[in-house]
Amino acid sequence: MNLTALENVSVLSSRVIRILAQNPGVGPLQGTNTYLIGTGANRILIDSGDHPNVNPAANIEKYHQLLNEKLTSVNCKIDTLLLTHWHSDHTGGVEGIIKSSLGLVSHNVNIRKFRCGKAEDERLPFHNSYTSHLVDREVIETEGATLRVLYTPGHATDHASFYLEEDGILFTGDCILGETSALVENLTDYMKTLNIYKTLDKPVKKIFPGHGPVVENGAAKVEEYIQHRMKRENQILECLKKEPMSTDELLASVYAGLNDKLKPLALKNIDVHLEKLIDENIVEVLSRTEQPLKYKIADCRL
Ligand SMILES: [Zn+2]
């Protein structure tokens, strides 16, 4: 798929500037979108870009330079760093930003994300710098912008999204991407997250994703993501209604004709669907002793 070329720095609204973290790659696509929020002398930055130890293609110096140019031109500093989730392409740049000799952050910078688990959080190099963990539905304000924090797991257990009240913009991190589909770790949680987006008490006008271009019709994209997952789930159920199947057999039926390179991702997708359906007692394993495992519609559903 040809990805849309993104500008390094884009003014997206009177209170949001997107700065591309200069870390292109298979996972980060064009690179991670980082967003500078607010209109005053102290601003919020959502996400931080990569660590070169994890992504050697990450050009940290160039990213810091772009950030510095923009911060200088609008005469502000970062006083709050909000992280959508722990994955390195979103948190790997935290230390670099706070320690940069360019002075990108103000004196008492706040660094905040949701808790993922003590051990996981303690593995993050900057964990000692946390100010506090995010709280679902809390409101974070800066001059010119009000962000509502949403706990939105599914892509990762600690995933946060942020709703910008003034503009009706939803920052979805990696739960909804600008193009290509999102990777899901836990589909039960992920579907709940999509439902949270769908049932916000205020309209989702645009989506500013963690990767890729702005989504102009946010509400329609949320619905498209929900329908896409439901269609896939129904395809899997239709197959299993005919006969018990292994994941490879499901892959061949549900993703007939798929390019070999994409098969590992498609298998992962089938796995997360099966986990969700097993969780919901809709599907069960045919026999634990037979390899490869085959899946069937649960007896209680027949
Ligand atoms: Zn990402």
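For every chain, the first residue of the written sequence is number 1, and numbering continues from 1 along that sequence. In keeping with the model being predicted, local features are shown solely for residues with a pLDDT of at least 70 and side-chain atom pairs are shown and tallied solely at 80 or more, while totals for entire chains, interfaces and linings include all residues.

Attention shifts here to the overall build of the protein chain. Assigned secondary structure in the protein chain consists of 8 helices and 13 strands. For the protein chain, the spread of C-alpha atoms along the principal axes amounts to about 65 × 40 × 40 Å. Field definition: a residue is buried when 20 or more other C-beta atoms are found within 10 Å of its C-beta, exposed when 12 or fewer are, and partly exposed for counts in between, with C-beta atoms placed from the backbone. Residues counted as buried form 38% of the 302 residues belonging to the protein chain. Contact between residues is assigned whenever the C-beta positions, reconstructed from backbone atoms, fall within 7 Å. Across the protein chain, contacts joining residues at least 24 apart in sequence account for 61% of those joining residues at least 6 apart. Counting from the N terminus, the helices are the DSSP runs of H or I reaching at least four residues and the strands are the DSSP runs of E reaching at least two.

Moving on, we get to the sheet that holds strand 9 (residues 160–164). Pairing is mixed in the open sheet, where 5 strands are placed in the order 7-8-9-10-11. The open sheet terminates on both sides in strands that have one partner only, identified here as strand 7 (139–142) and strand 11 (206–209). For this sheet the average axis-to-axis angle between neighbouring strands, irrespective of direction, equals 25 degrees. DSSP-based pairing: two strands are paired if at least 2 bridges between them are found. Bridging between strand 10 (residues 169–173) and strand 11 involves 4 bridges; their strand directions are parallel. Within strand 11, the residue paired with Ile 169 across the bridge is Lys 206. Axis definition: a line fitted to C-alpha atoms, over the contacting stretch in the case of helices. Angles run 0 to 180 degrees between N-to-C directions.

This next bit is on the pairing of strand 3 (residues 33–37). Of all 5 residues making up strand 3, 5 are buried, and the element is well covered by its neighbours. Side chains Asn 33, Tyr 35 and Ile 37 project from strand 3 onto one buried face, and the interleaved Thr 34 and Leu 36 project onto a second face that is buried too. As defined by bridge partners, strand 2 (residues 16–20) adjoins strand 3 across 5 bridges and the pair is classed as antiparallel. Residue Val 16 lies in a different strand from strand 3, and its bridge partner there is Ile 37. Two elements, strand 3 and strand 4 (residues 42–46), share 3 bridges in a ladder whose sense is antiparallel. Bridged to Ile 37 within strand 4 is Ile 44. Hairpin connection, strand 3 to strand 4: the antiparallel pair is bridged by 4 residues, and Gly 38 has positive phi, about 120 degrees.

Examined bridge by bridge, strand 4 and strand 5 (residues 77–82) share 5 bridges and lie parallel to one another. Considered in strand 5, the bridge of Asn 42 is made with Lys 77. With the strands pointing away from the viewer, any crossover whose connection runs clockwise from the first strand over the helix to the second is right-handed. In this view, the connection linking strand 4 to its parallel neighbour strand 5 by way of helix 1 (residues 60–73) has right-handed handedness. For strand 5 and strand 6 (residues 105–112), the ladder comprises 4 bridges, and the chain directions are parallel. Bridge assignment links Leu 82 to a residue of strand 6, and that residue is Arg 112.

Our next topic: the nonpolar core. By size, the foremost hydrophobic cluster in this structure holds 51 residues, and its most contacted members are Ile 37, Ile 46, Leu 81 and Phe 162. Nonpolar core, as used here: buried Ala, Val, Leu, Ile, Met, Phe, Trp, Tyr and Cys residues forming one set through C-beta atoms within 7 Å. Listed in part, the 9 residues of the second largest apolar core include Ile 270, Leu 274, Val 283 and Tyr 295.

Residue position: Gly 212 is located in the loop between strand 11 and helix 6 (218–242). With 35 residues separating them along the chain, Gly 212 and Leu 177 place their C-alpha atoms 6.2 Å apart. With residues up to four places along the chain from it excluded, the contact list for Gly 212 reads Thr 4, Leu 29, Gln 30, Leu 177, Gly 178, Glu 179 and Thr 180.

Time to look at helix 5 (residues 187–198). Under the 1.5 Å per step criterion, the end-to-end length of helix 5 is 16 Å for 12 residues, consistent within 8% with the ideal 16 Å. Within helix 5 the residues assigned to the buried category are Leu 187, Tyr 190, Thr 193, Leu 194 and Tyr 197. Each buried residue of helix 5 sits inside an arc of 110 degrees when the element is viewed along its axis, so together they form one side. Tucked into the core, helix 5 has its buried residues touching strand 10, helix 6 and helix 8 (263–279). To estimate how far a helix should reach, multiply one less than its number of residues by 1.5 Å. The arc refers to the directions leading from the helix axis to the C-beta atoms.

Once that is clear, we can look at helix 1. Between its first and last C-alpha atoms helix 1 spans 20 Å; for 14 residues at 1.5 Å apiece the expected length is 20 Å, and the two agree. All of the buried residues in helix 1 are Ile 60, Tyr 63, Leu 67 and Leu 71. For helix 1, the angular spread of the buried residues around the axis is 65 degrees, confining them to a single face. For helix 1, the secondary structure elements touched by its buried residues are strand 2, strand 5 and helix 3 (94–99).

Quick look at the domain arrangement of the protein chain now. Along its sequence, the protein chain is organised into domain 1 (9–227) and domain 2 (243–301). These domain boundaries are the output of an automatic or database domain assignment. Of note, the centres of domain 1 and domain 2, computed from C-alpha atoms alone, are 33 Å apart. Across the boundary between the two partners, domain 1 contributes 4 residues, which contact 5 residues of domain 2. By residue class, the composition of the side of domain 1 that touches domain 2 is 2 nonpolar, 2 polar and no charged. In the scheme used here, Gly and all other residues not listed as nonpolar or charged are polar, with Ala, Val, Leu, Ile, Met, Phe, Trp, Tyr, Cys and Pro taken as nonpolar and Asp, Glu, Lys and Arg as charged.

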